[in-house]
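Notes for the structure review
Single-letter residue listing:
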2 protein chains.
Amino acid sequence: MRFTSEQRLDDGVLEREFTLGEVPGILWTPVSASVPAPLILLGHPGGLHRMYPRLVARARRSAADGFATATIELPGSGDRPRSDAAEQARADLRRALEAGEPVDEEIVDRLVLPLVAKAVPEWRTTLDALLSLPEIGGPVGYSGGVIAIGIRLAVVEPRISAAGLFAGSFVPRTMFEEARRVTIPLHVLLQWDDEGNDRQAALDLFDAFGSKEKSLHANMGGHTGVPQFAGDVVAGFFTRHLR
Amino acid sequence: MRFTSEQRLDDGVLEREFTLGEVPGILWTPVSASVPAPLILLGHPGGLHRMYPRLVARARRSAADGFATATIELPGSGDRPRSDAAEQARADLRRALEAGEPVDEEIVDRLVLPLVAKAVPEWRTTLDALLSLPEIGGPVGYSGGVIAIGIRLAVVEPRISAAGLFAGSFVPRTMFEEARRVTIPLHVLLQWDDEGNDRQAALDLFDAFGSKEKSLHANMGGHTGVPQFAGDVVAGFFTRHLR
């Protein structure tokens, strides 16, 4: 892990960009923390620059609650090399959504399964590096999308002890079986009228999760319209489980 | 409105029992409030004595947030005269649930429609009386079940400006049309595996509500297992809308 830039935000949050091999990322830590901070991994749909305003808002809020946060660029997004197969699958998905057609499971598989297979090991390597820093302790949470990445991480990564998942993207049907193996506390956010997602599939997925403590919070406002108060509730969830 | 008893609870909450005509009720007010307090009407399934421990817990929590709360006995419950028709409908519902059969809409209509028709005017009369007390101001919220009563109140009673509804009982299909006419902010609680309710109908009902701000919060734990943290979130909803 190599830090490439460092700046102190006005509210006492230290923001550091880093690279880990070919993967760029950002780490935010609360400057005032006197003990190693618990860590929340911030998931997003890809494109660190485009997503930065929303990511830094989540990071600031989490720092105010005493959490360090970190995120990495997804394979095939931002400045990372594109995959032709993924670009094709993304275009096929967009075409189906714009035509108002049901989305073929085959398209979802082509888009999401390779992404999960590549992103999850990168997240785990990042976690190794982050947890070796003296200012970061455990426990660790995962927050956001891509929900399929969150599911796989929750199953394979024992250091993640709670997840706030954003049900805002398609999940391959084969991963519903993995969802049954998730047992950590879950907080699932669903935008009820998400224009880029299948509500019934999201409800089925919530039902499938094996966790004894799981909550589904559905709100209005479209894919990008998650209300402010919903973020406050997610913050409460992590405070309950990671502190 | 005639007060029949008064006691001060240990945490600075004044609890007063009252009767309004033939209807018994309880009013809780925060003693320390210096201005008229906003009011939350506490809905419940009937049986004030049986429900008292849970009601007083909700009242204490609300008082800590600065709210007055009040509840009344439902028609045909507690010490109020039974209706043969309602008792028959309740027995028919219980039989269907115990047999694991789908519940006939006709049974739900027989059980719920007369209850709504009788309870809603009683709630409105109670509201008249409560709002004439100097220690109680507005705005007013409705919190809890019976959800069909909450729906009707939200439609016909303009003084109610936000509702936290517990989707834990059956709703007559004819009332889905009323749900479309609800426009106040809504917070809907659903117990995902509620043994006495129909999950799909609850989801359809949430979809039907006309409110621009509506949130569905689903949790695990069966009908009576609403987790503590879910109550905290409801409290945040009312603080946002009534203060």
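Please read all numbers here as calculations on a predicted model, not as lab measurements.

A word on the relation of the copies chain A and chain B
Rotating chain A by 180 degrees about the axis while translating it 0.0 Å along that axis superimposes it on chain B, leaving an RMSD of 0.0 Å. On the angle and the small slide along the axis, the relation comes out as a two-fold axis. In terms of C-alpha distance to the rotation axis, chain A has His217(A) as its closest residue, with the C-alpha 2.3 Å off the axis. When you check the interface residues of chain A against chain B, 100% turn up at the interface there too, and the contact is symmetric in its surfaces.

Some remarks on the pairing of strand 5 (residues 68-72) of chain A
Residues and elements named next belong to chain A. For strand 5, a buried count of 5 out of 5 residues is recorded, marking the element as mostly surrounded by other parts of the structure. Here strand 5 shows two buried faces, one formed by Ala68, Ala70 and Ile72 and the other by Thr69 and Thr71. As paired strands, strand 3 (residues 23-30) and strand 5 are joined by 4 bridges and run antiparallel to one another. Note that in strand 5 the partner of Gly25 across the bridge is Ile72. The pairing of strand 4 (residues 37-42) with strand 5 spans 3 bridges and is classified as parallel. Across the sheet, residue Leu39 finds its bridge partner in strand 5, namely Ala68.

Quick notes on the packing of helix 2 (residues 84-98) of chain B against helix 3 (residues 105-131) of chain B
Relative orientation and spacing of two packed helices are given, respectively, by the angle between their axes and the distance between those axes. Residues and elements named next belong to chain B. Running from N to C, helix 2 and helix 3 point in directions that differ by 140 degrees, and their axes come no closer than 8 Å. Judged by the inter-axis angle, helix 2 sits oblique to helix 3. Here helix 2 runs over helix 3; the crossing is left-handed. Side by side, helix 2 and helix 3 meet where Ala85, Ala86, Ala89, Arg90, Asp92, Leu93 and Ala96 of the first sit next to Ile107, Arg110, Leu111, Pro114 and Leu115 of the second.

Here we look at the packing of helix 7 (residues 228-242) of chain A against helix 7 (residues 228-242) of chain B
Taken N-terminus to C-terminus, the directions of helix 7 of chain A and helix 7 of chain B make an angle of 150 degrees; their axes are 11 Å apart at the nearest point. Considering the angle they form, helix 7 of chain A stands roughly antiparallel to helix 7 of chain B. Where helix 7 of chain A crosses over helix 7 of chain B, the handedness of that crossing is right-handed. Between helix 7 of chain A and helix 7 of chain B, the contacting residues are Phe229(A), Asp232(A), Val233(A), Gly236(A) and Arg240(A) on the first element and Phe229(B), Asp232(B), Val233(B), Gly236(B) and Arg240(B) on the second. Of the residues belonging to the contact of helix 7 of chain A with helix 7 of chain B, the class tally is 4 nonpolar, 2 polar and 4 charged.

With respect to the environment of Leu9(A)
When you line up the elements, Leu9(A) lands in strand 1 (residues 2-9). Excluding its chain neighbours within four sequence positions, the residues that come into contact with Leu9(A) are Glu15(A) and Arg60(A).

Regarding the interface of chain A and chain B
Taken together, the contact between chain A and chain B spans 15 residues of the former and 15 residues of the latter. The set of elements that each furnish at least two residues to the side of chain A that touches chain B consists of strand 9 (214-219) and helix 7 of chain A. Of the residues forming the side of chain A that touches chain B, the biggest block, 6 residues, is contributed by strand 9 of chain A. Looking at the side of chain A that touches chain B residue by residue, the class counts come to 6 nonpolar, 4 polar and 5 charged. Sheet analysis places strand 9 of chain A next to strand 9 (residues 214-219) of chain B, joined by 4 bridges and oriented antiparallel.

Rules used throughout
- Residues numbered from 1 in each chain as written.
- Chains lettered and ligands numbered in written order.
- Predicted model: local features only at pLDDT ≥ 70, side-chain atom pairs only at ≥ 80, totals over all residues.
- Least-squares fit on C-alpha atoms with pLDDT ≥ 70 in both.
- Contact = placed C-beta atoms within 7 Å.
- Buried ≥ 20, exposed ≤ 12 C-beta atoms within 10 Å, placed from the backbone.
- Helix = DSSP H or I, 4+ residues; strand = E, 2+ residues; numbered from the N terminus.
- Pairing = 2+ DSSP bridges.
- Axes fitted to C-alpha atoms, helices over the stretch in contact; angles between N-to-C directions.
- Parallel < 35°, antiparallel > 145°, perpendicular 65-115°, else oblique.
- Left-handed = near helix turned anticlockwise from the far one by under 90°.
- Nonpolar A, V, L, I, M, F, W, Y, C, P; charged D, E, K, R; others polar.

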